[in-house]
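# Notes for the structure review
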Amino acid sequence: MGPHPAVAAIRLAVRRVLHDILDELNTTAGVPTGTAAERAPGLPAAPLVLVACSGGADSMALASALAFEAPRLGVRAGGVTVDHGLQHGSDLRAEEVVLRLRELGLDPVEATAVTVGREGGPEAAARDARYAALDAAAARHGAAAVLLGHTRDDQAETVLLGLARGSGIRSLSGMAAVSGAGGRYRRPFLQVDRQTARKACMVQSLPVWDDPHNTDPAYTRSRLRHEGLPALEKALGKGVVEALARTAQLSRDDADALDTWARQAEAGVRDATGVLECAGLYALPPAVRRRILRRAAIEAGAPAGALFARHIEEVDRLITGWRGQGAINLPGKVVARRQGGRLVIRQG
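Parameters and conventions
- Residue positions are counted from 1 within each chain, in the order its sequence is given.
- Local features are withheld for residues below a pLDDT of 70 in this predicted model, meaning they are given only at 70 or higher, and side-chain atom pairs are given and counted only at 80 or more; totals for whole chains, interfaces and linings count all residues.
- To get the side-chain values, take all heavy atoms of the structure and skip hydrogens and water.
- Categorising residues by exposure relies on relative accessible area from a 1.4 Å probe, with only protein chains included: less than 20% of the type maximum marks a residue as buried, more than 50% marks it as exposed, and the intermediate range marks it as partly exposed.
- Each helix is a run of H or I in the DSSP string that is no shorter than four residues. Each strand is a run of E no shorter than two, and both are numbered from the N terminus.
- A strand pair is defined by DSSP finding two or more bridges across the two strands.
- The handedness rule is simple: strands pointing away from the viewer, and a clockwise path from the first strand over the helix to the second, make the crossover right-handed.
- To estimate how far a helix should extend, the number of its residues minus one is multiplied by 1.5 Å.
- Only heavy atoms enter the contact rule, under which two residues are in contact if any of them lie within 4.5 Å.
- Any Lys or Arg side-chain nitrogen found within 4 Å of a carboxyl oxygen on Asp or Glu counts as a salt bridge.
- Among the buried residues, those of types Ala, Val, Leu, Ile, Met, Phe, Trp, Tyr and Cys that are joined through side-chain atoms within 4.5 Å form a nonpolar core.
- Stacked, tilted and edge-to-face pairs are distinguished by plane angle, under 30 degrees for stacked and over 60 for edge-to-face with tilted covering the rest, among Phe, Tyr and Trp rings (Trp via its six-membered ring) whose centres lie within 6.5 Å.
- Either the NZ atom of lysine or the CZ atom of arginine qualifies as a charge over a ring when it sits within 6 Å of the ring centre and within 35 degrees of the ring normal.
- Pairs of N or O atoms within 3.5 Å make up the polar contacts considered here, provided that, within protein, one atom can donate a hydrogen while the other can accept it, and that residues adjacent in sequence are counted only when both atoms are side-chain atoms.
- The axes used here are C-alpha line fits, helices contributing only the stretch in contact, and every angle between their N-to-C directions lies in the interval 0 to 180 degrees.
- If an angle is under 35 degrees, it is roughly parallel; if it is over 145, roughly antiparallel; if it lies from 65 to 115, roughly perpendicular; otherwise it is oblique.
- It is the rotation of the near helix from the far one that decides the hand of a crossing: anticlockwise by less than a right angle makes it left-handed, clockwise makes it right-handed.

Once that is clear, we can look at the pairing of strand β1 (residues 48-52). Most of β1 is tucked away, with 5 of its 5 residues classed as buried. With 5 bridges joining them, β1 and strand β2 (residues 76-83) adopt parallel strand pairing. Of the residues in β2, the one forming a bridge with Val-51 is Gly-79. This β-α-β element, β1 to helix α2 (residues 57-69) to β2, shows right-handed connectivity. Here β1 runs beside strand β4 (residues 145-147); their pairing, made up of 3 bridges, is parallel. Counterpart to Leu-50 in the pairing with β4 is Val-146.

Dropping the structure here:
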C-alpha cells in the first residue's frame, strides 16, 4: 500500500524539483543529462539542497519530503531555520526546529538569528532579513539550492496583494517557482494547497508550530488570509485560490515576454552616447516603453523596491505628454528630465 495521497503529492512535487536541479548541474558540467536521478560522473559527490524551515506545517511537510526523496536521487539534504527574534522564546523554538530536522535525517542543520530592521514595514523587513540569512547559509555550505515552502494559497495571497498595490502585471505574477541568484530558491509547493501540506504532517505525526503572526490582524497578509480570501470565496464560490494561482502563471508568462521585448528594443532608442531618445520611446507600446524607463531608473540608482507605477507614469509623461514640465524626482535621489528631445535619468 502506497503513502497517503497528501504525502504522495508533496513527495512528487519535491522529486520533480530535485530532478530539475540535478539536470541543471549536469548541464553546467557539460554532461548529457539522460536520467536526472543519475548524477553525472564529472560532478562533485552528492550536491547539497537545503530546506528553509520555520517549523510550520508547510515547511515541515517540505522538509519531510526532501528527507525522503533526496537520498534516493543521490542528493544530500540539509536545513536552515531563521530566528527573527520577534517573539518571546523564538530562540527556543528555533532549537526545537533544528532537533526535528535532525530527527528527519537532515544534515547539515542550523539555526541562524537575524536582526529585523524597520525599512518597508515589519513584513518586508523580516523577509529581507530572512533571505539575507538564507543566502549566507547557502554560500557557507555550498548548497546547490534552497527549497521554500510557499503553497498555492500563498501564491493567491501574493497576487491579491499585488493587485491592491496596482503595480502592473509583474505584481500579479506572484512568486516564481525559481528565483534568486543563479536560481538558488525553489518553490516546489506552488501547485500544492496549504491543506495538503498540513494533512501530510498529520498523517506522518510531524509536530508543527503555528506562528501567531499568521493570525495577527496587524499584518496585511494575515487579514487577507483570514478575512479577504474567505469573503471572496463566499461571494464568488470555491476555486478562487486556484484561479488566482493560474492568473499568476499567465501573468508571469506575459511579463517575461514583455521584459524580453523591452530589452531588445532598448538599444534602438538610445543615441550614440547611450542616452534615451524621446521620439524612439514614443513609438513603442506603453508596456514596453515603461519597462525601459523603469530599467533606466534602477540603473541610475533608484531602489527597485521603492520605485512604484506612479513614478514611472510621471516619467512616461515626459515622453507622451510633454508640455515643458520640470524634472521628475525619483527614489534614491534619481532625477529624470527631458532635454533637447532626449530623456536624461541620473542621480542628483
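Another aspect to go through is the environment of Asn-26. Checked against the element boundaries, Asn-26 lands in helix α1 (residues 5-28). Here the alpha-carbon distance between Asn-26 and Arg-223, two residues 197 residues apart in the chain, equals 44 Å.

Note that an α-helix has 3.6 residues per turn; residues three or four places apart therefore point the same way. With 24 residues, α1 should reach 34 Å at 1.5 Å per residue; the first-to-last C-alpha distance of 35 Å fits that figure. Three or more residues of α1 are buried, namely Ala-6, Val-7, Ile-10, Arg-11, Ala-13, Val-14, Val-17, Leu-18, Ile-21, Leu-22 and Asn-26. Residues of α1 that are buried make contact with β1, α2, β4, β6 (185-186) and α7 (194-203). Just downstream of α1, Gly-30 is the residue with a positive phi angle, here 75°.

Turning next to the pattern of salt bridges. Enumeration over the complete set of coordinates arrives at 23 salt bridges. For the salt bridge of Lys-238 with Glu-233, the shortest nitrogen-to-oxygen distance reads 3.5 Å. Assessed through its relative accessible area of 21%, Glu-233 is described here as partly exposed. Among the ionic pairs, Glu-266 bridges to Arg-270, the shortest N-O distance being 2.7 Å. On the accessibility criterion, Arg-270 (24% relative accessible area) is partly exposed. Bridged by salt links that share partners, the residues Asp-154, Glu-157, Arg-194, Arg-221 and Arg-225 form one connected network.

On to the nonpolar core. Within the largest apolar cluster, 37 residues are counted, with the highest numbers of intra-cluster contacts made by Val-14, Leu-18, Leu-66 and Phe-189. Looking at this core, the elements with two or more residues in it are α1, β1, α2, α3 (90-103), β4 and α7. Ranked by residue count, the leading element in this core is α1, at 9 residues. Here Val-14 is in contact with Leu-62, Ala-65, Leu-66, Glu-69, Leu-147, Pro-188 and Phe-189, once residues within four sequence places are set aside. Among the nonpolar cores identified, the runner-up in size contains 25 residues, and Ala-262, Leu-281, Leu-293 and Val-334 belong to it.

This brings us to α2. Between its first and last C-alpha, α2 extends 18 Å over 13 residues, near the 18 Å set by a 1.5 Å rise per residue. Every buried residue of α2 is listed here: Ala-57, Asp-58, Ser-59, Met-60, Ala-61, Leu-62, Ala-63, Ser-64, Ala-65, Leu-66, Ala-67 and Glu-69.

Before going further, it helps to examine the packing of aromatic side chains. By the definition in use, this model includes 1 aromatic pair. An angle of 90° between the planes, with centres 5.1 Å apart, marks the rings of Tyr-131 and Tyr-185 as edge-to-face. You can see Tyr-131 sitting in helix α4 (residues 122-141) and its partner Tyr-185 sitting in strand β6, a full 54 residues away along the chain. Neither residue differs from the other here; Tyr-131 and Tyr-185 are each classed as buried. Note that Arg-72 overlies the ring of Phe-68, its terminal NZ or CZ placed 3.6 Å from the centroid.

A few words now on the side chain of Glu-110. By secondary structure assignment, the location of Glu-110 is in strand β3 (residues 109-113). Only 2.4 Å separates the side chain of Glu-110 from the side chain of Arg-140, close enough to count as a polar contact. Excluding anything up to four places from it in sequence, Glu-110 contacts Gly-79, Val-80, Thr-81, Val-98, Ala-137, Arg-140 and His-141.

Our focus in this paragraph is the packing of α2 against α7. Between α2 and α7, whose axes approach to 8 Å, the crossing angle comes to 60°. When the axes of α2 and α7 are compared, the pair comes out oblique. Viewed along their axes, α2 and α7 form a crossing whose handedness is left-handed. Contacts between α2 and α7 involve Ala-57, Asp-58, Met-60 and Ala-61 from the first element and Arg-194, Ala-197, Arg-198 and Cys-201 from the second.

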